[in-house]
Amino acid sequence: MTPWDHHGSGNAPEGESRERESNRALRLRAVPDVVVVGAGVMGASVALELQRSGRTVVVVDKGAAVGSGSTSSSSAVVRFNFSTLAAVTAAWESAHRWEAWADHLGLVDDADTSGGSGLLARFVRCPMLFLEPPGFPRADATILLSTVGVPYEVLDEGELRRQFPALDTGRYHPPRRPDDPRFGLGPFGRLDAVLVPDGGFIDDPQLAAANLMDAARRHGAEIRLRTEVVAVETNSERTSGVRLADGTTLDAPVVVNAAGPWSARLNVLAGVVDDGVVPTRPLRQEVHVVPAPVGFGLDDGGAMVADLDLGYYTRPVPGGTLLVGGVEPDCDPLEWVDDPDDVAPTPTVPCFEAQVWRLARRLPDLAVPHRPSGLAGVYDVTPDWMPIYDRTSLDGFYLAIGTSGNQFKNAPLVGQILCDLVDACEAGHDHDANPVITNCHRIGRPLNLGAFSRLRSMTATTGTVMG
């Protein structure tokens, strides 16, 4: 590869420039090795790793921009409080990749973003505070953190109050909705908490997806936006490509479903919904924006909070505001949808009040806005809120689905996971019987991909977005 092929310079000699364009045209006319369906942060990561492994990749998405679907609605929290070893391992490895984002993208330095926007997404360090409900198995959770090497601190009520004086440290469990006459009762005791100092968030989730896709393009990947898949083609019991809405067929021996909230629909087209695969469903979710009270902004003593005692999560935003979302407490109905395209993007008063008024109990100085401010999006959810990174019963058809709500943080690793799966399974490895192991080289730990199997038993998690 010549320097101008990598850096996108327009200064190549005329003859070599013509040759380069001719070679590019030949590549685009050739049958790609892989079609990735979905140009969100997961599809972009998968495209990058498969393309730089030596395969040719085409990404298709019916949207108008990279990362414009559920990725753009993500709160982009980077945390490590999960209930399985695999989930903690993946999150800790991914955090190290976010921290070295330019290096992960293969850039010489942060300014080397040729072919893209010229900007890189940024990991913003912010501690994560986990407020425990009664009976929470803390030892199980902290053992996982210790095993993986994630630093943490257990805070009793006094230490919690000392470090975060803006918080009401009372216990109010169980979570209730504001129209419940018992909503204002309590407190019924005092909280304990687990503080993880190395958490944080990504300042622009859609930009992160664009960064990954720009890197994939630099290696030769092609992306086709405004391109809808209407069928998965098969030949001799394996995938042979996809048929597009314009009637054309895009041939490829490998297809990766990274379609987010549209993934279940694509599985139906591929005929893989009746082979024991863990199901996914689109779920409407809202995230609200409120002003940060004094003492709890990003640079003013604040933290990200997962409050299972009151049933919400929050994270600070640069500029003095907080994002507020839900953690699926029993009192909140889940809004499943049939068609992700029919979901209204505006927040509703009942959901706003349920989430923000709970936060106001924890932050007594919070000024609650008079009307909802925020957005609504659609999650792609499995019953246990763990993702599916796997092959399927249709040879050549792979899954990176069920990722919404808690997997954005793992996007830098997901590309490697799918690349390892494709490498092994296309070479004849039986992943169902002997799960593939991914090397988390930043933290020096193996990751058994059987944890993300489509055939797994769904008994090991919280059953909520907390995972």
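Quantities reported herein were computed from a predicted structural model and do not represent experimental measurements.

## Some thoughts on unusual backbone geometry
The bulk of non-glycine residues show a negative phi, and the bulk of peptide bonds are trans.
Thought 1: Omega for the peptide link from H173 to P174 comes to 5 degrees, which places this bond in the cis form.
Thought 2: Residue P187 is bonded to the preceding G186 through a cis peptide linkage, with omega at 5 degrees.
Thought 3: Tracing the sequence through the fold places P187 in the loop between α7 (157-163) and β7 (193-196).
Thought 4: The backbone of E237 shows a phi angle near 65 degrees, a positive value even though the residue is not glycine.
Thought 5: Even without a glycine there, the phi angle at W385 is positive, about 60 degrees.
Thought 6: Mapped onto the elements of the fold, W385 is located in the loop between β19 (374-381) and β20 (388-390).

## A look at the side chain of H431
Thought 1: Within the secondary structure, H431 is located in the loop between α11 (411-426) and β22 (437-440).
Thought 2: From its side chain, H431 meets the backbone nitrogen of V436 in a polar contact 2.9 Å long.
Thought 3: Each residue touching H431, except ones within four places of it in the same chain, is listed here: D390, R391, L421, C425, V436, L449 and G450.

## Comments concerning the pairing of strand β23 (residues 445-448)
Thought 1: Pairing of β22 with β23, which is carried by four bridges, proceeds in the antiparallel orientation. If you follow I437 over to β23, its bridge partner there is N448.
Thought 2: Taking the residues between adjacent antiparallel strands as the criterion, β22 and β23 are bridged by four residues, where G444 takes a positive phi near 70 degrees.

## Comments concerning the nonpolar core
Across soluble globular proteins, you tend to see nonpolar side chains buried next to one another.
Thought 1: The biggest cluster of nonpolar side chains holds 92 residues, and the ones touching the most others in it are F80, W98, I202, V256, Y389, L418 and L447.
Thought 2: For this core, the leading source of residues is α11, giving 10 residues.
Thought 3: In contact with W98, other than residues within four places in its own chain, are V78, F123, I202, A208, F408, K409, A411 and P412.
Thought 4: Formed by 24 residues, the second largest nonpolar core is a distinct cluster that contains L129, Y172, V290 and L310.

## Notes on the sheet that holds strand β11 (residues 238-244)
In a beta sheet, neighbouring strands are held together by backbone hydrogen bonds and run either parallel or antiparallel to one another.
Thought 1: Sheet architecture is open: three strands sit in the order β10-β11-β12, paired in antiparallel fashion. Both edges of this open sheet fall to β10 (229-235) and β12 (249-251), since each of them pairs with a single strand only. Averaged over all pairs of adjacent strands, the angle between their axes in this sheet comes to 30 degrees, without regard to strand direction.
Thought 2: Relative to β12, β11 runs antiparallel, the two being bridged by three bridges. For V242, the partnering residue across the bridge sits in β12 and is L250.

Each value, and the rule that gives it
- Residues numbered from 1 in each chain as written.
- Predicted model: local features only at pLDDT ≥ 70, side-chain atom pairs only at ≥ 80, totals over all residues.
- Heavy atoms only, no water.
- Helix = DSSP H or I, 4+ residues; strand = E, 2+ residues; numbered from the N terminus.
- Polar contact = N/O pair within 3.5 Å; in protein donor to acceptor, adjacent residues only side chain to side chain.
- Contact = heavy atoms within 4.5 Å.
- Pairing = 2+ DSSP bridges.
- Core = buried A, V, L, I, M, F, W, Y, C linked by side-chain atoms within 4.5 Å.
- Buried < 20%, exposed > 50% of the residue type's maximum accessible area, 1.4 Å probe, protein only.
- Axes fitted to C-alpha atoms, helices over the stretch in contact; angles between N-to-C directions.

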